Amino acid sequence: MQYKRILLKLSGEALMGNRQYGIDPERLAEYAREIKSVIDRGVQVAIVIGGGNIFRGVAGASKGMDRVQADNMGMLATIINGLALQSALEDANVKTRLQSAIKINEVAEPFIRRKAISHLEKGRVVIFGGGTGNPYFTTDSAAVLRAIEVHADVILKGTRVDGIYTADPEKDKLATKFDYITFDDVLKKGLKVMDTTAFTLSQENELPIIVFDMNTPGNLLKVASGEKIGTKVNL
Ligand code: UDP
């Protein structure tokens, strides 16, 4: 395996499968199998999960809701997803811990960095819920922050497209994929990988990001073993 410790970022929307809202249990089970395949090879896995399948703060704010109130709802949505993913992983016989950035002690452990690292060393998947615990941030920022904090080797951003393209491949048929790209080129070309706060944090801390298609079985294992799929963003 090329990577010893990975931080997998999954968006909330990915959990919807073909639904319009909420969680598709089959998709969750598929993801659990994928994650188990890398755990079985001794890779340490931390996960940050989004909440967009349930609630996004910006969407609430655009309809007149107070932004902080709306973002609090979004953070709670990530904890719901974290609990769902935890169940699916446990059904697949993977040991997990859910750590939350906001206090919700009956439901999840609080985020304690040293404890998270210790869980990872014991082969437990650590799911980080609640984003960064602050409004006005995204779970992409949480992913980068947690990756740095637990000394992950790489951020694996699992999406439904197989990498970073010159343009949106779902809209532009002529778009071509990058195998590698530098942080600077992503910014220069105005490509969308993560929001700017998250992306800059990753760049400043020299933490590579690999964007790959998480919905093709076997891909997570391929990425973790160093196979060249997806797009790698590096210095
Ligand atoms: N959120 C937040 N602070 C954070 C992370 C998330 O307030 O540090 C809220 C925000 O409202 C966001 C929602 O939680 O819209 C869900 O997260 P995100 O949109 O990143 O989920 P994804 O797009 O990955 O599904």
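Residues numbered from 1 in each chain as written. Predicted model: local features only at pLDDT ≥ 70, side-chain atom pairs only at ≥ 80, totals over all residues.

1. Observations concerning the UniProt feature "domain: Aspartate/glutamate/uridylate kinase" (unreviewed entry) in the protein
Then, in step 1: The sites that UniProt annotates as "domain: Aspartate/glutamate/uridylate kinase" (unreviewed entry) are residues 4–213.
Then, in step 2: Helix makes up 39% of residues 4–213 and strand makes up 18%, while its end C-alpha atoms are separated by 20 Å. (UniProt positions renumbered as here; feature names shortened; annotations may be inferred. Helix = DSSP H or I, 4+ residues; strand = E, 2+ residues; numbered from the N terminus.)

2. Quick notes on the pairing of strand β3 (residues 96–100)
Residues in a regular strand project their side chains so that they alternate between the two faces of the sheet.
Then, in step 1: In terms of burial, β3 is largely enclosed, as four of its five residues are buried.
Then, in step 2: Pairing of β3 with strand β5 (residues 125–129), which is carried by five bridges, proceeds in the parallel orientation. Residue pairing in the sheet places Gln99 in a bridge with Phe128 of β5.
Then, in step 3: Strand direction decides the pairing type here: β3 and strand β4 (residues 109–110), joined by two bridges, are parallel. Each bridged residue has a counterpart across the sheet, and for Gln99 the counterpart in β4 is Glu109. (Buried ≥ 20, exposed ≤ 12 C-beta atoms within 10 Å, placed from the backbone. Pairing = 2+ DSSP bridges.)

3. Some details on the confidence of the model for the protein
Low pLDDT marks regions whose predicted coordinates should not be analysed in detail.
Then, in step 1: Taken as a whole, the protein shows an average pLDDT of 97; of its residues, 100% reach a score of 70 or greater.
Then, in step 2: Scored as a whole, the predicted complex attains pTM 0.97, and scored at its interfaces, ipTM 0.98. (pLDDT = per-residue confidence, 0-100.)

4. Brief notes about the environment of Ser202
Then, in step 1: With respect to the helices and strands, Ser202 occurs in helix α7 (residues 196–204).
Then, in step 2: Judged by C-beta crowding, with 24 C-beta atoms within 10 Å, Ser202 ranks as buried.
Then, in step 3: Remark: the alpha-carbon pair of Ser202 and Ser141, spanning 61 residues in sequence, is separated by 8.8 Å.
Then, in step 4: For Ser202, the contacting residues outside a window of four places in its chain are Val144, Ile155, Leu207 and Ile209. (Contact = placed C-beta atoms within 7 Å.)

5. Details of the site of the ligand
Then, in step 1: Taken together, 24 residues are adjacent to the ligand, and Gly50, Gly52, Gly57, Gly74 and Gly131 come closest.
Then, in step 2: Contributing elements (two or more residues each) for the shell around the ligand: α2 (57–62), α3 (67–91) and α5 (139–149).
Then, in step 3: Class assignment for the residues of the shell around the ligand results in six nonpolar, 14 polar and four charged. (Near = placed C-beta within 6 Å. Nonpolar A, V, L, I, M, F, W, Y, C, P; charged D, E, K, R; others polar.)

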